[in-house]
Amino acid sequence: MLGRLTQEELADFTEFAQARQRHLMRTAYLLCGNRQAAQDLTQTALLDLCRAWRRVRRVDDVDAYSHRVLINAYRTALRKAGRERKALWDKAWEAETFEAASAPDHSVGLRLTLLAALDRLPPKARAVVVLRYWEDLSVEATAAALGCSTGTVKSQSSRALARLRTLLGDGFATTDSELWENSHGN
């Protein structure tokens, strides 16, 4: 891979990477909205560019090509995350099915419905709901865990619960505490 590049090609790539890394990082951040994921995405794109540098350096617009590589890396990461999420759902379903066989009650269906609704929340809202109601953390502890203010936790909680009520519909007209307690089997 990298060993196949000549010193001149490696120096050429290094110069390109140093000059364009910030721009690629900024674009990656705008794509995924997360600094760590953007760093990973930028490194993946730069590695892919380095592997194909002999071919890349001959194209008319290296910047456009690098953007295409970055977008492809992003789309690949999304597909991978989707596959991983599906695998986790499959595992959860198997675990719930096993639990249902050993303790037949109606909480399994409720839990799966809640998990499906949680999956439709944005990541930060999902994190707030899980920490506040699933893990039963205080507003202050949730804020500390997420690195945000208590006001953000309160507003995210309010919006997320409203969204969950919309997603779950009238069939889940129990109080919030009953809803979460039932989902935990308490």
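In this text, all values refer to a predicted model and were calculated from it rather than measured experimentally.

Colleague: I'm lost on the packing of aromatic side chains in this one. Help?
Modeller: Here a ring pair, both rings aromatic, is described through the centre-centre distance and the interplanar angle of the planes. A full pass over the atoms with the stated rule returns two aromatic pairs. Relative to Trp53, the ring of Phe13 has its centre 5.3 Å away and its plane inclined at 75°; by these criteria the two rings are edge-to-face. Taken together, the residues Phe13 in helix α1 (residues 7-32) and Trp53 in helix α3 (residues 53-56) connect sequence positions 40 residues apart. A residue is classified by how much of its surface remains accessible, and Phe13, at 9% relative accessible area, is buried. A residue is classified by how much of its surface remains accessible, and Trp53, at 2% relative accessible area, is buried. Between Phe16 and Trp53, the ring centres sit 5.3 Å apart and the planes meet at 35°, which makes this aromatic pair tilted.

Colleague: What should I look at first to understand the environment of Arg132 in this one?
Modeller: Relative to the helices and strands, Arg132 resides in helix α6 (residues 123-134). For the pair Arg132 and Thr142, spaced 10 residues apart in the sequence, the C-alpha separation amounts to 6.4 Å. Non-local contacts of Arg132, meaning those with residues more than four positions away in its chain, are made with Leu137, Ser138, Val139, Thr142, Val153 and Ser157.

Colleague: So what exactly am I meant to see when it comes to a positive patch on the surface here?
Modeller: Among the surface-exposed residues, Arg68, Arg75, Arg79, Lys80 and Arg83 lie close enough to one another that they form a single positively charged patch. Relative to the helices and strands, Arg68 resides in helix α4 (residues 62-102). Of the residues examined, Arg68 reaches a relative accessible area of 44% and is grouped as partly exposed.

Colleague: I keep staring at the nonpolar core and nothing clicks. Help me out?
Modeller: When a protein is soluble and globular, its nonpolar side chains tend to lie buried together. Counting residues in each nonpolar core, the largest one holds 21 residues, and the members touching the most others are Phe13, Leu49 and Trp53. Of all elements in the fold, only α1, α2 (35-51), α3 and α4 reach the threshold of two or more residues within this core. Counting residues in each nonpolar core, the second largest holds 12 residues, with Leu110, Ala117, Ala125 and Leu168 among its members.

Colleague: For this particular structure, what's the right way to read α1?
Modeller: Residues lying three or four places apart along an α-helix face the same way, a consequence of the helix completing one turn every 3.6 residues. Along α1, the helix axis deviates most sharply at Arg20, where the bend reaches about 50°. Two residues or fewer past α1, Gly33 is found with a positive phi of approximately 70°.

What counts, and where the lines are drawn
- Residue numbers restart at each chain and count upward from 1, following the sequence in its written direction.
- Selection of residues for local features in this predicted model requires a pLDDT of at least 70, selection of side-chain atom pairs for listing and counting requires 80 or more, and totals for whole chains, interfaces and linings are taken over all residues.
- With hydrogens and water stripped out, all remaining heavy atoms of the structure feed into the side-chain values.
- Any Phe, Tyr or Trp ring, taking Trp's six-membered ring, that has another such ring centre within 6.5 Å forms a pair; planes under 30 degrees apart are called stacked, those over 60 apart edge-to-face, and the others tilted.
- Think of it this way: any DSSP run of H or I at least four residues long counts as a helix, any run of E at least two long counts as a strand, and we number them from the N terminus.
- Buried, partly exposed and exposed residues are distinguished by accessible area as a fraction of the type maximum, computed with a 1.4 Å probe on protein chains only: under 20%, between the cut-offs, and over 50%, respectively.
- The contact criterion used is simple: two residues touch if any of their non-hydrogen atoms lie within 4.5 Å.
- For patch detection, residues must exceed 30% relative accessible area and be free of salt bridges, and they are connected within 9 Å for like charges or within 5 Å for nonpolar side chains (Val, Leu, Ile, Met, Phe, Trp, Tyr).
- Residue burial considers only the protein chains on display, and all accessible areas are found by Shrake-Rupley using a 1.4 Å probe.
- The term salt bridge refers to a pairing of a side-chain nitrogen on Lys or Arg with a carboxyl oxygen on Asp or Glu at a separation within 4 Å.
- Positive charges are assigned to Lys and Arg, negative charges to Asp and Glu, while His and the chain termini are left out of the count.
- Note on charges: their place is set at NZ of Lys, CZ of Arg, CG of Asp or CD of Glu.
- In this text, buried Ala, Val, Leu, Ile, Met, Phe, Trp, Tyr and Cys residues form a nonpolar core when linked through side-chain atoms within 4.5 Å.
- In this scheme, the bend at a residue equals the angle between the axes fitted to the seven residues that finish there and the seven that begin there.

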